[in-house]
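# Observations on the model geometry
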Amino acid sequence: MEGKQPGVFAVIGEDARQQAAADYLREKGFEVTGPEGLPRAKRALLPMPLAANAAALEQLLAAARPGTLAFGGRVSGAAKAAAAAAGIELADYLEREELARLNAIPTAEGCIGLILQKRRRTVWGSGVLVLGYGRCGQALAVRLAALGAHVTVAARSPAQRALAMSQGLEAVPMEAADGLLETTDVAVNTVPAPVLGATRLKRLPKDALVIDLASLPGGTDFEAAKELGVRAIHALSLPARCAPVTAGQFVARAVLAMLEERGEGI
């Protein structure tokens, strides 16, 4: 990249993640502009989630020159179609495994913050049931255990249960979670499927807290929780809410890695 002229990177969006990503790209030598720079930008960083209606996105991308490489997160089918119609190549940075892994860190920290905020007891000594052991479950469970929580992981995958056990955690099959609910102080769901229905919610203690980290519609029956008087929170987009600067830097780093893999730099 040495000796090359800095490329123009148009960063679209006003939230703190986009601003942090813009700052990171600027530090790496890019000329960073807002939407006004689209006509001369080779690359564009679009907001996340990129699920805007096609007409609005087409209007935005009409200012970009054909051949511009754009990056977005959680790109919808409508967004892909709008980009294709404008002659814009659109890549989804949320498909990057390293970004998903890194995003699990602020998700875990944000979840712990909610637990501390919404309960009147310490994490230390609390019984925590983590449903699912993907990226977010893994990042969360070990941090809760480090704070002194009694953590049990419920997962369908034997490999995931083995991983949890290798990290010093208790682990049970998903169906065995039923026998743990009466002694659960905090239940955290990470599974994007119905796993905390009315039958299971009834078995929780009256002062239990449920936090659902799964993407819409989540894995908790929130209507049933309300009727039963169970405190249940659907905690979406925690990286953006709790650590937008870090989350934005993670996005920029993933985008730079994608450019490097294409043989492109500044």
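Cut-offs and rules
Residues numbered from 1 in each chain as written. Predicted model: local features only at pLDDT ≥ 70, side-chain atom pairs only at ≥ 80, totals over all residues. Heavy atoms only, no water. Pairing = 2+ DSSP bridges. Helix = DSSP H or I, 4+ residues; strand = E, 2+ residues; numbered from the N terminus. Axes fitted to C-alpha atoms, helices over the stretch in contact; angles between N-to-C directions. Contact = heavy atoms within 4.5 Å. Salt bridge = Lys/Arg side-chain N within 4 Å of Asp/Glu carboxyl O. Buried < 20%, exposed > 50% of the residue type's maximum accessible area, 1.4 Å probe, protein only. Phe/Tyr/Trp six-rings, centres within 6.5 Å; stacked < 30°, edge-to-face > 60°.

## Details of the sheet that holds strand S5 (residues 89–92)
Overall, parallel pairing links the five strands, which are arranged S2-S1-S3-S4-S5 in an open sheet. In this open sheet, the two edge strands, each paired with only one partner strand, are strand S2 (31–33) and S5. Sheet twist, expressed as the average angle between the axes of neighbouring strands with direction ignored, equals 25 degrees. Strand contacts of helix H1 (residues 16–27): strand S1 (8–11), S2 and strand S3 (43–45), with the helix running at about 170 degrees to S1, the strand carrying the most contacts.

## Some words on the pattern of salt bridges
Throughout the structure, instances matching the rule amount to ten salt bridges. The salt bridge partner of Arg 203 is Glu 182, with a shortest N-O separation of 3.1 Å. On the criterion of sequence distance, the pair formed by Arg 203 in the loop between helix H7 (198–201) and strand S10 (209–212) and Glu 182 in the loop between strand S8 (170–172) and strand S9 (186–189) is long-range, its members being 21 residues apart. Using a relative accessible area of 34% as the deciding quantity, one classes Arg 203 as partly exposed.

## Quick notes on the packing of aromatic side chains
Within the structure shown, the criterion is met by two aromatic pairs. Site record: aromatic cluster; members linked through ring pairs are Phe 9, Phe 30 and Phe 71.

So yeah, pure geometry; function would need other evidence.
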